[in-house]
Amino acid sequence: MAPYYSVEQVAELLDLHVRTVRGYVRDGRLRATRIGKQYRITAQDLAEFTGAQAPAPAEERRHAEASTIVQIDAIGTVEAARLANTLMAAVAGPREDGPLRVQTLHDEQRSTLKVVILGGLADTAELLVIVNALIGENADV
């Protein structure tokens, strides 16, 4: 059975941006199989795309990700916007463990803010510490 590569692995092997590889897949230039919401590329399809034998994947290392939802009650619109902007600034830039994604949703009627965090365990834990510090600062307001 031929090994499958993720879009991220192909991007790393070819020294391309992940979006570039996804564009090649969408345009049909690079054959891929969609499994769930992700694409997988066989070594043979990668070799056909590059015109050379597919390089061996980088050393496999175990990766774990966390999906976290934080609900903050009794938060007004201004504080919610400030917290959301601070978190977006905190996650900007490259990370060793892959991307750290954050989405926020403020419900004005209920005065709640939901923060959805998706990323590596260490990065997620670090961001949760930041959230805790920020809501602690606003507790006296």
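This write-up is about the structure you can find in this document. The structure displayed is predicted, hence computed values, not measured ones.

The subject of this paragraph is the overall build of the protein chain. When helices and strands are tallied, the protein chain shows 5 helices and 6 strands. Secondary structure elements in the protein chain, listed N-terminal to C-terminal, are β-α-α-β-β-α-β-α-β-β-α. Classification of the 141 residues of the protein chain by burial places 28% in the buried group. A separation of at least 24 residues holds for 60% of the contacts in the protein chain among residues at least 6 apart in sequence. Accessible area of the protein chain: about 9700 Å², with a carbon and sulfur share of 50%.

Sheet strands pair by backbone hydrogen bonding; their relative direction is either parallel or antiparallel. Overall, antiparallel pairing links the 3 strands, which are arranged 1-3-2 in an open sheet. Where the open sheet ends on each side, the last strands, each with one partner, are strand 1 (4–6) and strand 2 (33–35). Taken over all neighbouring pairs, the strand axes of this sheet differ in orientation by 40° on average, direction set aside. Relative to strand 3 (residues 38–42), strand 2 runs antiparallel, the two sharing 3 bridges. Directly across from isoleucine 35, in strand 3, lies its bridge partner glutamine 38. Here helix 3 (residues 43–50) sits on the sheet and contacts strand 1 and strand 3; the angle it forms with strand 3, its principal contact strand, is near 75°.

On to helix 1 (residues 7–14), then. Every buried residue of helix 1 is listed here: Val7, Val10 and Ala11. Along the long axis of helix 1, the arc covered by the buried residues comes to 100°, so they all point the same way. Once helix 1 ends, the next one or two residues include aspartate 15, with phi positive near 55°.

Read across the open sheet, the 3 strands follow the order 4-6-5; overall the sheet is antiparallel. Strand pairing shows two members of the sheet lacking a second neighbour, strand 4 (65–73) and strand 5 (101–107), which therefore form its edges. Direction aside, the axes of adjacent strands within the sheet are offset by 10° on average. Looking at chain direction, strand 4 and strand 6 (residues 112–120) are connected through 9 bridges and run antiparallel. Following the sheet pairing, serine 67 is matched in strand 6 by leucine 118. Against the sheet, helix 4 (residues 77–91) touches strand 4, strand 5 and strand 6, its axis set at about 175° to strand 5.

Turning our attention to the side chain of threonine 112. By the element assignment, threonine 112 lies in strand 6. On the accessibility criterion, threonine 112 (11% relative accessible area) is buried. Among residues more than four places away in sequence, those in contact with threonine 112 are Gln71, Ile72, Asp73, Ile75, Leu105, His106 and Asp107.

For the structure on display, the rule yields 1 aromatic pair. Judged by centre distance (5.2 Å) and plane angle (50°), the rings of tyrosine 24 and phenylalanine 49 are tilted. One end of the pair, tyrosine 24, is in helix 2 (residues 18–27); the other, phenylalanine 49, is in helix 3, and 25 residues separate them in sequence. Residue placement shows arginine 34 over the ring face of tyrosine 39; its charged tip is 5.1 Å from the ring centre.

So, how was this worked out
- Residues numbered from 1 in each chain as written.
- Predicted model: local features only at pLDDT ≥ 70, side-chain atom pairs only at ≥ 80, totals over all residues.
- Heavy atoms only, no water.
- Helix = DSSP H or I, 4+ residues; strand = E, 2+ residues; numbered from the N terminus.
- Buried < 20%, exposed > 50% of the residue type's maximum accessible area, 1.4 Å probe, protein only.
- Contact = heavy atoms within 4.5 Å.
- Areas by Shrake-Rupley, 256 points an atom, 1.4 Å probe, with all protein chains shown as cover.
- Pairing = 2+ DSSP bridges.
- Axes fitted to C-alpha atoms, helices over the stretch in contact; angles between N-to-C directions.
- Arc of directions from axis to C-beta.
- Phe/Tyr/Trp six-rings, centres within 6.5 Å; stacked < 30°, edge-to-face > 60°.
- Lys NZ or Arg CZ within 6 Å of the ring centre and 35° of its normal.

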